[in-house]
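Secondary and tertiary structure notes
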Amino acid sequence: SIFLWILVFIGFGVADSVLSFFIMNALNGVCRSVFEPTTRALLSDITDQKNKLLIFNLRYAAINVGVVFGPILGIFLGSAKTTFPFYIAAAIYTLYGISLLLTFMKTELASEADETARISFREAFHVTRKDKLLLLTLVGIILCITGFSQLTSTLPQYFAMSPEIKDGARTFSILLSLNAVVVLIIQYPVVRIARNYSPIRSIMLGNLFVGLSLFSFAFAKSIWMIGLVVIFFTVGEVLLFAMMDVLIDDISNPDMKGTYFGAMGFTQLGNVLGPWIGGLLLDSYGVSDPAILFGCLMMITLSGLPVLLLVKKEMEKKATIIKRHVHV
């Protein structure tokens, strides 16, 4: 996936039509859908249970270090006027791919599983389809991500279109970097507090923060107010994503972690539905009725709460059954 990603970034650099950008973006999604679940499953397999929360959050922190510098570097390199930054991204991914090759050559990552323990795709799909807890979790997280995706889809368009926000594109780039910086600052203390509670509680609270923050954007006009809302939004983001991998690890069958983390790829539907819904609302209400625009986005996001509440009840029911078996 990494080496295909290199070609995708080069493709973005030479793309000169809507169709070519569409194809490159689709391939970008394919690379991500392969890379994300595989790395999560790998980290889960090679990490002790007591260290999983730390390792998953180090991964999340590393992503946000990149997000801090990415938008700022893009502005500096003139990404609004040239596609040259895509070639730099391709070069960075080339270095990353080579480092992975060297790491895997020196590290033995052979599976200890017996040949008979391997599960076919059909069996894995059957298990996933029958797992009510997993399906509810996916639906709940899809609704969460639908709300979160507004940060990089509807908001930049709203900032660019709103006459009350000066230099919307530049403002958005600054706020995107602010978002990543705040993640790095608050991640450790927030996770330290959240680990005293179940992952599902953290995700539910994160959903609430994101939903309320979206509605608040309707009334934030100055850069300082928008920045404050972004900070509030970021707290919700950390509560959501810092515990998401831990939740999937908790509900997964130990022999099928790759399948469960792979099923998380379906949550990317939120990144598809979110921009589409936001675009429809922008077309319908524009920037003249921000309260309606962001109010609708808030309601869609918060609709994930009752689904996540069902997940919580299913997890409690599953824990009770396991305890009974243990006592027997």
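So, a few notes on the structure that sits alongside this text.

Here we look at the pattern of salt bridges
- With the rule as written, the count across this model stands at 3 salt bridges.
- Residues joined by salt bridges that share partners form a network here, namely Lys132, Glu314 and Lys317.

Focus: the packing of aromatic side chains
- According to the stated counting rule, one finds 13 aromatic pairs in the structure shown.
- Geometrically, the ring pair formed by Trp5 and Tyr93 is edge-to-face, given 5.4 Å between the ring centres and 80 degrees between the ring planes. In this pair, Trp5 sits in helix α1 (residues 2-14) while Tyr93 sits in helix α4 (residues 84-106), placing the two residues 88 residues apart along the sequence.
- When the centroid spacing of 5.0 Å and the interplanar angle of 90 degrees are considered together, the rings of Tyr158 and Phe294 count as edge-to-face. With Tyr158 in helix α7 (residues 154-161) and Phe294 in helix α13 (residues 290-302), this residue pair connects regions lying 136 residues apart in the sequence.
- When its relative accessible area of 1% is taken as the criterion, Tyr158 is described as buried.
- According to the relative accessible area criterion, Phe294 is buried, its value standing at 0%.
- Here the aromatic cluster, defined as three or more aromatic residues joined through ring pairs, consists of Trp5, Phe9, Phe35, Tyr93 and Tyr96.

With respect to the packing of helix α12 (residues 269-285) against α13
- Contact geometry for α12 and α13: axes closest at 9 Å, N-to-C directions at 155 degrees. As judged from the angle between their axes, α12 and α13 are roughly antiparallel. Helix-helix and strand crossings are classified by hand; for α12 and α13 the assignment is right-handed. Counting all contacts with α12, which are made through Ile277, Gly278, Leu281, Leu282 and Tyr285, the residues of α13 involved are Ile292, Leu293, Cys296, Leu297 and Ile300.
- Of the residues that constitute the contact of α12 with α13, the class distribution is 9 nonpolar, 1 polar and no charged.

Remarks on α7
- If you check which residues of α7 are buried, you get Thr154, Leu155, Pro156, Tyr158 and Phe159.
- Contact partners of the buried residues in α7: α8 (168-194), α10 (223-251), α12 and α13.

Some remarks on the nonpolar core
- If you look at the biggest cluster of nonpolar residues, it comprises 65 residues, and the most contacted ones within it are Phe159, Phe217, Ile226 and Phe294.
- Among the elements that line this core, the one with the most residues is α10, at 15 residues.
- In contact with Phe217, not counting residues within four places along its chain, are Leu155, Tyr158, Ile226, Val229, Val230, Phe233 and Phe294.

Basis of the calculations
- Residues numbered from 1 in each chain as written.
- Predicted model: local features only at pLDDT ≥ 70, side-chain atom pairs only at ≥ 80, totals over all residues.
- Heavy atoms only, no water.
- Salt bridge = Lys/Arg side-chain N within 4 Å of Asp/Glu carboxyl O.
- Phe/Tyr/Trp six-rings, centres within 6.5 Å; stacked < 30°, edge-to-face > 60°.
- Helix = DSSP H or I, 4+ residues; strand = E, 2+ residues; numbered from the N terminus.
- Buried < 20%, exposed > 50% of the residue type's maximum accessible area, 1.4 Å probe, protein only.
- Axes fitted to C-alpha atoms, helices over the stretch in contact; angles between N-to-C directions.
- Parallel < 35°, antiparallel > 145°, perpendicular 65-115°, else oblique.
- Left-handed = near helix turned anticlockwise from the far one by under 90°.
- Contact = heavy atoms within 4.5 Å.
- Nonpolar A, V, L, I, M, F, W, Y, C, P; charged D, E, K, R; others polar.
- Core = buried A, V, L, I, M, F, W, Y, C linked by side-chain atoms within 4.5 Å.

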